[in-house]
Amino acid sequence: MKHQTCLVVDFGGQYTQLIVRRVRELGVYSEMVPWMTAAARIQELDPQAVILSGGPSSVLDEGAPTLDFEVLEGKPVLGICYGLQLMSLRLGGRIEKAHDREYGRRQLGEVAKGSLLDGFAGEQVWMSHGDQVLETPPGFEVIAETESCPIAGIQQGNQFGVQFHPEVTHTPRGRELLKRFLFDHAGFVGDWTSASFIEESLERIRNEVGSGRVLCAVSGGVDSSVVAALLTKAIGDQVTCVFIDHGLLRKGEATQVIEQFTNHFHPNLVAIDAQEQFFGALKGVTDPEDKRKIIGAEFVRCFEAHADQLSDCDFLAQGTLYPDVIESGSPTSAKIKSHHNVGGLPDWMRMKVIEPLRWLFKDEVREVGRALGLPDEMVDREPFPGPGLGVRVLGEVTPERVHMVQDADAIFREMIASHGLRNGIWQSYAALLDVKTVGVMGDERTHQAPIVLRAVASEDAMTATAVPFPFEFLEAVANRIVNEVKGVNRVFYDYTSKPPATIEME
Ligand code: XMP
C-alpha cells in the first residue's frame, strides 16, 4: 500500500525540516523539496497536499524564490510565512515591504468563525517576518489578525495561509492547526506508522533487488543495524552482513554486536577479526588525521581480503538518513556532512547503492528498529564514530592504551546508568590524553596518564553542551577509575561546549 504524501516546499526557511517532522508526527508521510525543483516534483509525485515554507527573502525582490502556482491547481495548500506572502502575491493580493522585522511571541485577536483558526482567538503564536500581506487575493477571507499584523491568516476553499509559524513549540496550538489542515481539509487519515514504513520498505527492497545479492557493512550502530534487519527480513540470505572488528570498539561491544545480530534476526553474518591488522597499521602513528586515513584504508583492505566471500554482491546497502539526503541534495542549505568512514573503495565494490532509510530521521529509525524487534541496547545505542576509539586515544593507539580507555569508559557509562543519569545524554565517553602526570598511590610516586570524561547533550551533533553532572557523582567515578584502571592516576571532566570544542577529542 502506497501512502499519500504531504510535500513541503522549502523556500530556505530555518524551520522547514521541522514542518516535515511535525507532519510525520501526525502520521502523515511528508517530504521536503527545494523550491527550484518543486514544480517538477509536484507533477511527478502528485502529492495529496502541499505546504509552502517560510524563508528569509522578500517576495518583492527580483529573483526571489518562487513557484509556478498552476501545478498546485485543485490541491490543498497551506502557506506559512513566506509561503503565505508568495501565495498572496501570486494569486493577486498585495504585499507590503517591511520597515522592521516582527520577531517573537504575539497573540491572535479575532478569528473567523468556521475557519481553519476557529477557536484560536487569544492564542499565542510565533512570528518571524519582515514583509506582510496588505491585501488578500480576490476571493480570500481574512481569518486572523494580531495587533501588529492585520492579515495574519487567510483562506479560500482548501487554500490557507498563516503569517505565524505553527511548526514551532512557541505556537502551542500549532500542531492542532496542522492537524486540522491535514485531516479536515486535505483528506489524510494519519496512518503512516513504523509498521507501514516497514511494510512499504520490504516491498520496495524486494522489487529493487529481485534475485540479486546485497552487501551490508555493519558497525553495531543503530543505522546499519536497522538496515541489516530490514534487508534480512525482506530478502533473507540474499544479504551478506559484514562486521569488521578493528579492536577500537567499546569494551565487550564486538562480542555483543555479533551475539545480538545472531540472536535477533539471524543474518548471513561475516565477522572479521582484524584487530592485529589495525593495530599493526597504527603503530607509531600519533597525528589524528593520519590515524583516520589509516583506519579508513584498513577497512578497504579488509573488504579486499575477503573479496571471495563478498564480490558476488550486486548491491551495497548504506544507512543514509533523511537529514543527510537533505544536506547533500538541497541547494538552500549550507550544511555539508563531512565524515567519511571508508574512503577509496575498490572497483569491485562499486555496486549499486541501496539506502532503505533515506526517508527517515534518526528517532524514526529507532522506532523502526524497535518495531522490527531489535533490543533496546541496540536501538538506543549512542552515536559512535567510525574510527572508533582511534579518535579517543590521543597519541599512539596501542592495545594497552585502548584497554585503558575501554575500562574507564565502561566504569563511567555503567555509573551513569546505575545513578539514573542517562536521560538527555547524546554521547558520553572516556578518552586518554597523550601526557603523563605525577600522582601518589600508597607510598609510591606515580607518573601515569590522565583520563578525560566527556558527556554532552545535543539535538543533532552540530552543537552540544556539557552535561552538568553533580560533583559527588564525578568524584565517585574518578575514584573508581583511578583505583580500577591500571596506568591511570588522574581524571578530568570536559566542560567545553561545541562550538568552540568538538564532541570528539582526537
Ligand atoms: P565532532 O567531534 O565533529 O562529532 O563534534 C560530531 C558527531 O560525529 C561523530 N563523529 C563521527 N562519526 N565517523 C562517524 O561516523 C567519524 O569519523 C566521526 N567523527 C566524529 C561524533 O561521535 C559526534 O556524534
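The rules behind these values
Residues numbered from 1 in each chain as written. Predicted model: local features only at pLDDT ≥ 70, side-chain atom pairs only at ≥ 80, totals over all residues. Heavy atoms only, no water. Pairing = 2+ DSSP bridges. Helix = DSSP H or I, 4+ residues; strand = E, 2+ residues; numbered from the N terminus. Axes fitted to C-alpha atoms, helices over the stretch in contact; angles between N-to-C directions. Domains from an automatic or database assignment. Contact = heavy atoms within 4.5 Å. Buried area = accessible area lost by both parts, 1.4 Å probe. Expected span 1.5 Å × (residues − 1). Buried < 20%, exposed > 50% of the residue type's maximum accessible area, 1.4 Å probe, protein only. Salt bridge = Lys/Arg side-chain N within 4 Å of Asp/Glu carboxyl O.

Caption draft 1: Looking closely at the sheet that holds strand 16 (residues 352-354). Read across the open sheet, the 5 strands follow the order 14-13-12-15-16; overall the sheet is parallel. Each having just a single partner strand, strand 14 (268-273) and strand 16 make up the two edges of the open sheet. Taken over all neighbouring pairs, the strand axes of this sheet differ in orientation by 25° on average, direction set aside. Pairing of strand 13 (residues 239-245) with strand 14 involves 6 bridges; the strand directions are parallel. Paired with F243 across the strands is A271, a residue of strand 14.

Caption draft 2: Fine view of the domain arrangement of the protein chain. Looking at the assigned domains, one finds that the protein chain contains domain 1 (5-185), domain 2 (194-379) and domain 3 (392-493). Listed per partner, the contact involves 12 residues of domain 1 and 10 residues of domain 2. Taken together, both faces of the contact between domain 1 and domain 2 bury some 1,000 Å²; the carbon and sulfur share is 55%. It is Q17, R21 and R24 in domain 1 that bury the most area against domain 2; as a group they hold 50% of the surface buried on that side.

Caption draft 3: Region of the structure containing unusual backbone geometry. Here the residue pair K498 and P499 is connected by a cis peptide bond, since its omega of -20° sits within 30 degrees of zero. Examined against the element boundaries, P499 turns out to sit in the segment after strand 21 (488-493). The peptide bond linking P499 to P500 adopts the cis configuration, its omega dihedral lying at 10°. Summarising the element assignment, P500 is placed in the segment after strand 21. The backbone of D46 sits at a positive phi, close to 50°, despite the residue not being glycine. A positive phi is found at C81, a non-glycine position, where the angle reads about 55°.

Caption draft 4: Focus on helix 14 (residues 399-418). Taking 1.5 Å per residue as the helical rise, helix 14 with its 20 residues ought to reach 28 Å, and the 28 Å between its terminal C-alpha atoms agrees with that figure. Taken as a whole, helix 14 has its buried residues at R401, V402, M404, V405, Q406, A408, D409, I411, F412, M415 and I416. Buried residues belonging to helix 14 abut helix 8 (275-282), strand 17 (427-432), strand 19 (444-457), helix 15 (471-484) and strand 21. One or two steps after helix 14, the chain reaches G420, where phi turns positive at roughly 65°.

Caption draft 5: Highlighting the pattern of salt bridges. Following the criterion strictly, the structure yields 30 salt bridges and no others. The salt bridge involving E135 is made with R94; its shortest N-O contact spans 3.4 Å. Highlighted residues: E135 in strand 8 (residues 132-135) and R94 in strand 5 (residues 94-96), separated in sequence by 41 residues. The class for E135 is partly exposed, based on a relative accessible area of 39%.

Caption draft 6: Examining the environment of L231 more closely. Structurally, L231 is set in helix 6 (residues 222-235). Distance from L231 to C216, taken between C-alpha atoms, is 8.7 Å for residues 15 residues apart in sequence. Apart from residues lying up to four places away in sequence, L231 is in contact with I205, V214, C216, G236, V239, A317 and I354.

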